[in-house]
Amino acid sequence: MRYRAPRFRNRGNKKSDWLAPSLQHRVDTTLAWVNRLQRLAPVSSISTELVRFDMQAFENPDIEGAQYQQGTLAGYEVREYLLEKWCRTCAYCGAKGVPLQIEHIQPKSKGGSNRISNLTLACQCCNAKKAALPVEVFLARQPERLKRIQAQAKRPLKDAAAVNATRWALVNQLKATGLAVETDSGGRTKFNRTRLGLPKTHALDAACVGDVNSMTGWHKPTLCLKAMGRGSYQRTRLDKYGCARGYLTRSKSIQGFQTGDMVKAQVTQGKKTGSYTGRVAVRASGSFNIQTRHGLVQGVSHRYCTVVQRGDGYGYQLVAKTDATGTPPKQGDASHPALYLPGLKAVVSRAN
């Protein structure tokens, strides 16, 4: 913290199974929901993927002496990682639901390498059109897409590193619950999903982990959970120079409401007449902002609001299943962090 001097001797107090707080948060969140589900349903076992990404093969694909690269899994991790990184879409035209090929952003004939930062996904048509052209030439008339591809290609491997660091910690913590824990690979999950003819979604991937013979009723909507946090310790707003320009109320509860609560507002008069449901951002004046699925509603009096659910650090959203082509429906995000909702005036937004 800003008020504590760094003490280098504290580094020796870390245990062998210590995880950074950002990684421990992933494990703790999963365990919290396992405990919640155990209270709601008779859970008897858990199936989880024990995924491992080979970071060395990502950075240096020409490494020698690794016998596993010559087996049936040669290149599998790279293909799966690219599918996740590029959201299973063609980087050049945005096509989805079509066969995708691994493509070199800078052609090998022009000095491009096989590093993961030089690989992307392209459909057959775009791959043939680009051929051995440098990406700057191929996308000369699409500067925005070129800029996006170059930024995405240089994205660090932090997600793969996080999975590698937490995979055994999560499995060991799940076994400590006393439930039967089944571990399996991502390859079997994909095999089950393909065999059952299911589209690619996170929820259906979770249902396809391990030994799965059949699946029915998968067209039902999925309750999407998102960790939102429980608030902020910052009590001031800052200007562009970093100087305090205003103070936030010290009381977290205003008229019985707290920022992050899910509320329903029935406005009976005025310009904002109507019904609104979403997360609330409270203010000492009693005039609140509500983040609904369709957008932000500002200046709603607390007299019209009723608590639907108290803020518990998570955002909840009912997401419709994708269609057979894997295309998700377009919808808003009612679980947007209420803590960072714009203020009554855009110039005093807490997000700025």
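Look up: the structure comes first, before these words.
Counting restarts for each chain, with residues numbered from 1 along the sequence as it is written. Owing to the predicted nature of the model, reporting of local features is limited to residues with pLDDT of at least 70; listing and counting of side-chain atom pairs is limited to 80 or more, with chain, interface and lining totals taken over all residues. Hydrogens and water molecules were not included; the side-chain quantities draw on all heavy atoms of the structure.

*Asks:* Outline the overall build of the chain, listing residues and values.
*Replies:* Strands here are runs of E lasting at least two residues and helices are runs of H or I lasting at least four, both read from the DSSP assignment and numbered beginning at the N terminus. Scanning the chain for helices and strands turns up nine helices and 15 strands. Only protein chains enter the accessibility calculation, which uses a 1.4 Å probe; a residue whose area is less than 20% of its type maximum is buried, one above 50% is exposed, and one in between is partly exposed. By the burial criterion, 33% of the 352 residues in the chain qualify as buried. The contacts of the chain with a sequence gap of at least 6 include a subset with a gap of at least 24, amounting to 59%. Computed with a 1.4 Å probe, the accessible areas rest on the Shrake-Rupley method; for each residue, only the protein chains presented here act as cover. Carbon together with sulfur atoms contributes 54% to the accessible area of the chain, which is approximately 22,200 Å² in total. Throughout, a contact is declared for two residues whenever any of their heavy atoms are within 4.5 Å.

*Asks:* For the nonpolar core, give the residues involved together with the corresponding values.
*Replies:* Here, the term nonpolar core denotes a set of buried Ala, Val, Leu, Ile, Met, Phe, Trp, Tyr and Cys residues that are joined through side-chain atoms within 4.5 Å. Among the nonpolar cores identified, the biggest contains 20 residues, and Trp 86, Tyr 92 and Ile 149 are the most heavily contacted of them. Every element with two or more residues in this core is listed here: α3 (76-85), β3 (119-123) and α6 (143-153). The leading source of residues in this core is β3, at four residues. With residues up to four places along the chain from it excluded, the contact list for Trp 86 reads Ala 91, Leu 119, Thr 120, Leu 121, Ile 149, Gln 152 and Ala 153. Listed in part, the 14 residues of the second largest apolar core include Ala 265, Val 267, Tyr 276 and Ile 290.

*Asks:* Kindly report on the packing of aromatic side chains, identifying the contributing residues and their values.
*Replies:* Aromatic pairs are defined between Phe, Tyr and Trp rings, using the six-membered ring for Trp, whenever the two ring centres lie within 6.5 Å; interplanar angles under 30 degrees are classed as stacked, those over 60 as edge-to-face, and all others as tilted. Following the criterion strictly, the structure yields four aromatic pairs and no others. Each ring, one from Trp 33 and one from Tyr 314, has its centre 5.2 Å from the other, and the planes form 75°; the classification is edge-to-face. Of this pair, Trp 33 sits in helix α1 (residues 21-40) while Tyr 314 sits in strand β15 (residues 314-319), and the two are 281 residues apart along the sequence. What makes Tyr 314 buried here is its relative accessible area of 12%. Geometry around Trp 33 places Arg 36 over its ring, the cationic atom sitting 4.5 Å from the centre. Sitting over the face of the ring of Tyr 304, Arg 303 holds its NZ or CZ atom 5.7 Å from the ring centroid. Working rule: Lys NZ or Arg CZ, within 6 Å of ring centre, within 35 degrees of ring normal, means a charge sits over the ring.

*Asks:* Hey, could you go over helix α8 (residues 186-195) for me, with residue numbers and the actual values?
*Replies:* Regarding α8, the residues found buried are Thr 189, Asn 192 and Arg 193. One side of α8 holds all its buried residues, which, seen down the axis, span an arc of 95°. Opposite the buried face of α8, by more than 90 degrees, sit the exposed residues Phe 191 and Thr 194. Phi turns positive, to about 70°, at Gly 197, one or two residues after α8. Each direction from the helix axis to a C-beta atom contributes to the arc, which is the arc of those directions.

*Asks:* Before we move on, could you go through a nonpolar patch on the surface and cite the residues and values that matter?
*Replies:* Any residue with relative accessible area above 30% and no salt bridge may belong to a patch, with like charges joined within 9 Å and the nonpolar Val, Leu, Ile, Met, Phe, Trp and Tyr side chains within 5 Å. Within this document, salt bridges are pairs made up of a side-chain nitrogen of Lys or Arg and a carboxyl oxygen of Asp or Glu, the two lying within 4 Å of each other. Taken together, the side chains of Leu 37, Leu 40 and Val 43 present a nonpolar region at the surface, about 300 Å² in accessible area. With respect to the secondary-structure elements, Leu 40 resides in helix α1. For Leu 40, a relative accessible area of 73% corresponds to the exposed category.

*Asks:* Lay out the packing of α1 against helix α7 (residues 158-175) in plain terms, naming residues and giving numbers.
*Replies:* The axes of two packed helices give the description: the angle between them and the distance between them. Axis angles are defined between N-to-C directions and span 0 to 180 degrees, where every axis is a line fitted to C-alpha atoms and, for a helix, only to the segment in contact. Interhelical geometry of α1 versus α7 gives an angle of 40° and a closest axis separation of 9 Å. Regarding the angle of α1 to α7, the classification is oblique. Taken as a pair, α1 and α7 cross one another with a handedness that is right-handed. Contacts between α1 and α7 involve Leu 23, Arg 26, Val 27, Thr 30, Leu 31 and Val 34 on the former and, on the latter, Asp 159, Ala 162, Ala 165, Thr 166, Ala 169, Leu 170, Gln 173 and Leu 174. Should an angle fall under 35 degrees it is taken as roughly parallel, and over 145 as roughly antiparallel, whereas 65 to 115 is taken as roughly perpendicular and any remaining angle as oblique. In a left-handed crossing the near helix is turned counterclockwise from the far helix by less than a right angle, and in a right-handed crossing that turn is clockwise.

*Asks:* Could you give an account of α7, naming the residues involved and the relevant values?
*Replies:* To estimate how far a helix should reach, multiply one less than its number of residues by 1.5 Å. With 18 residues, α7 extends 26 Å between its outermost C-alpha atoms, agreeing within 8% with the 26 Å of an ideal straight helix rising 1.5 Å per residue. Approximately 40° is the largest bend angle found in α7, and it occurs at Thr 166. When α7 is considered as a whole, its buried residues turn out to be Ala 160, Ala 162, Thr 166, Arg 167, Leu 170, Val 171 and Leu 174. For a residue, the bend is simply the angle between two axes, fitted respectively to the seven-residue segment ending there and the seven-residue segment starting there.

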